[in-house]
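Overview (structure and organization)
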Amino acid sequence: MLDVLSERAAAVFSIPAEAAFRTLLSLLVVYLCTSLPVFLWGVKKLLQKVQGSKVSAGTATDSSAAGSECTVPSASDAASLIAARRSIFPKDFTGQKVDRSVVEAMLEAANWAPTHGKTEPWRFVVLGRAAQEELLDLSLKVLERDCTPEEFTKKRAKIEGKRKSAFSKATYMIAICMKRHAIPGKEMPEWEEVCAVACAVQNMWLSMTAHGAAGYWSSWYTEARESLDVKQFLGLDEEDKCMGVFMVGHCADPGCYRSKRQSIADKVTWRV
Ligand SMILES: Cc1cc2nc3c(=O)[nH]c(=O)nc-3n(C[C@H](O)[C@H](O)[C@H](O)COP(=O)(O)O)c2cc1C
């Protein structure tokens, strides 16, 4: 085929057949070298699209793959989700169980939080009913040890009241933890690690809202949260932090919760 073409080219341009052949061969090589990468890039994009559609169908197992091909919701959908997120308290839970898959999706969302130095310091301990009772018992023990008797009496009465009327209706309590040295030997400022965990919680909260579940971030009881006893219960080291507990349950009408904010205009200075 190249022979025939080079003969024609030689006749048209009045040049020796051998020169025409070499010129055509060079052009062919240049064409292949430039078009092959474009072709391979196209194949790669196609494969990523197929993988991306699997991710949005909820089959993602590899977090690193999910991020690159997620579709972005519209700005108004994102704004609605953010504004719809509410703290919904266990007293208003129905006691109906929240599916484990909802918590798994919440944790997956949490895992996409920003993190300086890629330390990913968020750790979560998902507590079912029995483990929740263990955490409550342990927290009471710590409070009894670390508070004055008067303080403890007051706190115990409150906790025991909530245990029956509210906490017992939570399907899950997710202990929110910060691993101080998530990557051994790598130390980022502590405030950045705390912020990264807070971002993870917000992601989790938004995901929960989108799934129609209910919950809120409880600071938990300070003495208990900061104690080595509770840290050990959660599998943490002394230098790590427990940053409270995220309660998850079912609420018949999460939309009935209202909240408001002061104007953003009062909190922003523009110097543009
Ligand atoms: C770090 C953090 C800790 C919180 N701890 C508690 C708490 O211990 N008890 C409580 O009632 N609410 C707690 N909240 C929830 C706030 O009360 C709630 O976000 C606020 O009232 C605004 O309501 P909204 O979440 O529905 O917008 C906490 C929120 C954050 C961010």
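Calculation criteria
- Residues numbered from 1 in each chain as written.
- Predicted model: local features only at pLDDT ≥ 70, side-chain atom pairs only at ≥ 80, totals over all residues.
- Helix = DSSP H or I, 4+ residues; strand = E, 2+ residues; numbered from the N terminus.
- Buried ≥ 20, exposed ≤ 12 C-beta atoms within 10 Å, placed from the backbone.
- Contact = placed C-beta atoms within 7 Å.
- Near = placed C-beta within 6 Å.
- Nonpolar A, V, L, I, M, F, W, Y, C, P; charged D, E, K, R; others polar.
- Core = buried A, V, L, I, M, F, W, Y, C linked by C-beta atoms within 7 Å.
- Expected span 1.5 Å × (residues − 1).
- Pairing = 2+ DSSP bridges.
- pLDDT = per-residue confidence, 0-100.
- Axes fitted to C-alpha atoms, helices over the stretch in contact; angles between N-to-C directions.
- Parallel < 35°, antiparallel > 145°, perpendicular 65-115°, else oblique.
- Arc of directions from axis to C-beta.

Details of the environment of Tyr257
Position of Tyr257 relative to the elements: it lies in the segment after β4 (241–249). By the C-beta count within 10 Å, which is 16 here, Tyr257 ends up partly exposed. If we ignore the near neighbours within four places in the chain, the residues touching Tyr257 are Arg86 and Ile88.

With respect to the site of the ligand
The environment of the ligand is made up of Arg86, Ser87, Tyr216, Trp217, Ser218, Ser219, Gly244 and Ser259. If one sorts the elements of the shell around the ligand by residue count, strand β3 (residues 214–218) sits on top with three residues. Residues of the shell around the ligand, tallied by class, amount to two nonpolar, five polar and one charged.

Some remarks on the nonpolar core
Formed by 42 residues in total, the largest nonpolar core has its most connected members in Met173, Ile174, Ala175, Ile176 and Val248. Looking at this core, the elements that each hand over two or more residues are α5 (100–110), β1 (122–127), α6 (129–146), β2 (172–178), α8 (190–210), α10 (228–233) and β4. In this view, Met173 contacts Leu127, Gln132, Leu135, Val245 and Met247; residues no more than four positions away in its chain are not counted.

Section: α8
The end-to-end C-alpha distance of α8 is 31 Å, a good match for the 30 Å that 21 residues give at a rise of 1.5 Å each. Of all the residues in α8, the buried ones are Glu193, Ala196, Val197, Ala200, Val201, Asn203, Met204, Trp205, Ser207, Met208 and Thr209. With its phi angle positive at about 75°, Gly212 sits one or two positions after the end of α8.

Thoughts on the pairing of β4
With nine of nine residues buried, β4 lies mostly within the body of the structure. For β2 and β4, the ladder comprises six bridges, and the chain directions are antiparallel. Looking across to β4, one finds that Ala175 is bridged to Val245. Bridge analysis of β3 against β4 gives five bridges, and the strand direction is antiparallel. Residue pairing for β4: Trp217 is matched across the bridge by Phe246.

Some remarks on the confidence of the model for the chain
Per-residue confidence for the chain averages 89 on the pLDDT scale, and 85% of its residues sit at or above 70. Note on residues 52–62: pLDDT under 50 across the span, and 10 contacts to partners over four residues away in sequence or across chains.

Looking at the sheet that holds β2
Spatial strand order, β1-β2-β4-β3: four strands in an open sheet with antiparallel pairing. Of all strands in the sheet, those bounded by a partner on one side alone are β1 and β3. For this sheet, the mean inter-axis angle between neighbouring strands, taken without regard to orientation, is 20°. Each of β1, β2 and β4 is contacted by α5, which is oriented at about 170° to β1, the strand it contacts most. Lying on the sheet, α8 is in contact with β1, β2, β3 and β4; it crosses β2 at an angle near 155°.

Focus on the packing of α6 against helix α7 (residues 149–165)
For the pair α6 and α7, the least separation of the axes is 10 Å and the interaxial angle reads 170°. Our classification of the angle between α6 and α7 gives roughly antiparallel. Counting all contacts with α6, which are made through Leu136, Leu140, Leu143 and Glu144, the residues of α7 involved are Phe152, Lys155, Arg156, Ile159 and Arg163. Class assignment for the residues of the contact of α6 with α7 results in five nonpolar, no polar and four charged.

Quick look at unusual backbone geometry
A positive phi angle is found at Glu120, which is not glycine, with a value near 45°. Looking at the element boundaries, Glu120 is found in the loop between α5 and β1. On the basis of neighbour counts, which here come to 17 C-beta atoms within 10 Å, the residue Glu120 falls in the partly exposed class.

Some remarks on α5
Considered for burial, the residues of α5 that qualify are Val103, Met106 and Ala110. Axial view of α5: buried residues confined to an arc of 55°, hence all on one face.

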